[in-house]
Amino acid sequence: MKYRFSPDQSEVALSGQLTFPDHANFRTVADLLLKSPGQPLVIDLSELEFIDSAGLGMLLIVRTEAERVERSVRLRAPRGQVKRIFDLSKFENLFGIDE
Amino acid sequence: MLRFLKRATGRGGTIAALDKTGIERNRWAVRQLRLLEHQKDEVIRASADLETDGHGFGATCEKLTEAAGRQSERMSELLSLAAGIVFDGRSVPVDEVGAIFSTALDEINAKIVEVARNAMTMVYALERATGNLGKTDQCIARIDIINGKTNMLAINAMIEAVRAGDNGTAFHVIANEIRELSKLTKGLAQTMRDELGAVVSGVRESHAALREVANIEMSQNILARERLDQLVAALAQRNRQISAAADAAALESSAMRAELDRIARATISEERVQRRLRRIVDALAGAAADLSDDAESAAPHDASGANGAASLGRNQLKLANGS
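Scope of this entry: the structure provided in the associated data block.

1. Here's the deal with the overall build of chain B
Then, in step 1: Along its length, chain B carries seven helices and two strands.
Then, in step 2: Among the 323 residues that make up chain B, the fraction classed as buried is 16%.
Then, in step 3: Restricting the contact set of chain B to residue pairs at least 6 apart, pairs at least 24 apart contribute 81%.

Here you go:
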């Protein structure tokens, strides 16, 4: 997985694959995102090609940690396998998703 | 025929001419008689065939009607079977089966996601715990260092107390106490290190096991619902096709049965046809008798050939009447 933050660090774009081996890297991303002043926190997934169940779990952890500090997370432009997994997992009930 | 004869004599023809005409008419009558006889025979044979074939055909129609009826019943059964499956003592339409599958798979997928979230939460937690345990180990190492220095300090203090002689007696006691405390601290630090080592080992094993769990690729299981949805949709589509085919077959079967019923009823009216044929035979016989009378009247009284023809006509008439 690769990531790229917006200048104010309230938005991050992920690319490649989000799977279990990326969990340490994603932890860094989540910590930086949660420290940013933005609201909502935005994760751009337009360049993310694949996600596994561990990746879904990581996104849910960010959501839980954001809620603890009364912030929200929006997922932007999931596509392909990522979108299908979100649809089948009913992620639209858990996140704000911008198509 | 009589009118013909009257017209012939009225025109002043000779007896010979009359005789000649009579003979011709007589021959014509004989030919007509033969023709009538032939037609009557044909009608009688047709009537016999109708009776024989009609009975067989009627029986066949009845069997076909019964078979068509049974086929209709089976088609009705097939239609009810195609409508759905019996589950929990009630008939469930195939479309509803798909909805039941979807609901069950949604629940499974929600659990997969929840398990994945919990697994990752624990992975992160254990990684933090492992890091904290490492820091604790470093603390114990620092305690060891401090304890070593303390012990060295106590030893030096004891040496200095010995050098001081009697003045150093009290100081020697204190240095000895410090050394004892240092030994206790060292033992405690070792105990802590042993305990911490066991905890670290347990945490690392748990972390490794949890990594295995979290690393299980479940996305294909989530996507399985997609394939199952497609499968159920295909099954429902096939079921609709089967239902439509069975429905059409049932309609055709009913139409076939109705048609066979109609044919069977038409066959039953064979007796009516027989009666009509008998009337035709009677009519033909009547026509033959009339012809015979005409021939006899028209035949010359002294013309042996014509008389022969008239006799032939009478004989034919007898045949026509079946006597």
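2. A closer look at the interface of chain A and chain B
Interface size is commonly expressed as the accessible surface area that is lost when the partners come together.
Then, in step 1: Of the residues lining the interface, 17 residues belong to chain A; the matching set on chain B comes to 21 residues.
Then, in step 2: Those elements that place two or more of their residues in the side of chain A that touches chain B are helix H1 (23–35), helix H2 (53–68) and helix H3 (80–88) of chain A.
Then, in step 3: Element by element, the count of residues in the side of chain A that touches chain B is highest for H2(A), at seven residues.

3. Examining unusual backbone geometry
Residue and element names in this part refer to chain A.
Then, in step 1: Despite not being glycine, Gln9 has its phi angle at roughly 65 degrees, a positive value.
Then, in step 2: Of note, Gln9 is situated in the loop between strand S1 (2–5) and strand S2 (11–18).
Then, in step 3: The class of Gln9 is partly exposed, set by 15 C-beta atoms lying within 10 Å.
Then, in step 4: In this structure, Lys90 takes a positive phi of about 55 degrees despite not being glycine.
Then, in step 5: Turning to its location among the elements, Lys90 is positioned in the loop between H3 and strand S5 (96–98).
Then, in step 6: Given 12 C-beta atoms within a 10 Å radius, Lys90 is considered exposed.

4. A word on the sheet that holds strand S4 (residues 73–76) of chain A
All names here are of chain A.
Then, in step 1: Judged by pairing direction, the sheet is mixed, and its five strands sit side by side in the order S1-S2-S3-S4-S5 without closing on themselves. Unpaired on one side and paired on the other, S1 and S5 mark the two borders of the sheet. Geometrically, the sheet is characterised by an average inter-axis angle of 25 degrees between neighbouring strands, direction not taken into account.
Then, in step 2: Relative to S5, S4 runs parallel, the two sharing three bridges. Of the residues in S5, the one forming a bridge with Arg76 is Asp98.

5. Let's talk about helix H3 (residues 94–164) of chain B
Residues and elements named next belong to chain B.
Then, in step 1: Taking 1.5 Å per residue, 71 residues should reach 105 Å; H3 reaches 103 Å between its end C-alpha atoms and fits that length.
Then, in step 2: Listed as buried for H3 are Asn109, Ile112, Val113, Ala116, Arg117, Ala119, Met120, Val123, Tyr124, Asn147 and Ala154.
Then, in step 3: Within two residues after H3, Gly165 carries a phi angle of roughly 70 degrees, on the positive side.

6. Some points on the pairing of S2(A)
Residues and elements named next belong to chain A.
Then, in step 1: Alignment of S1 against S2, held across four bridges, turns out to be antiparallel. For Arg4, the partnering residue across the bridge sits in S2 and is Ala13.
Then, in step 2: Here S1 folds back onto S2 in antiparallel fashion, the turn holding five residues, of which Gln9 has a positive phi close to 65 degrees.
Then, in step 3: The sheet contact formed by S2 and strand S3 (residues 41–51) spans seven bridges and is parallel. Following the sheet pairing, Ala13 is matched in S3 by Asp44.
Then, in step 4: Tracing the backbone out of S2, into H1 and back to the parallel element S3 gives a crossover that is right-handed.

Reading the values: rules and limits
- Numbering of residues starts from 1 in each chain and follows the order in which that chain's sequence is written.
- Chain labels run from A onward and ligand labels from 1 onward, assigned in the order the entries are written.
- The predicted origin of the model limits local features to residues at a pLDDT of at least 70 and limits the giving and counting of side-chain atom pairs to 80 or more, whereas totals for whole chains, interfaces and linings rest on all residues.
- Counting from the N terminus, the helices are DSSP H or I runs at least four residues long and the strands are E runs at least two residues long.
- Buried residues are those with 20 or more other C-beta atoms within 10 Å of their own C-beta, exposed residues have 12 or fewer, and partly exposed residues lie in between; C-beta atoms are placed from the backbone.
- What counts as a contact here is a pair of residues whose C-beta atoms, placed from the backbone, lie within 7 Å.
- When DSSP finds at least two bridges between two strands, those strands are taken to pair.
- In this description, a line fitted to the C-alpha atoms serves as the axis of each element, helices being fitted only across the stretch in contact, and the angle between N-to-C directions of two axes falls anywhere from 0 to 180 degrees.
- To estimate how far a helix should extend, the number of its residues minus one is multiplied by 1.5 Å.
- Crossovers are described as right-handed under a simple rule: with the strands pointing away from the observer, the path leading from the first strand over the helix to the second runs clockwise.

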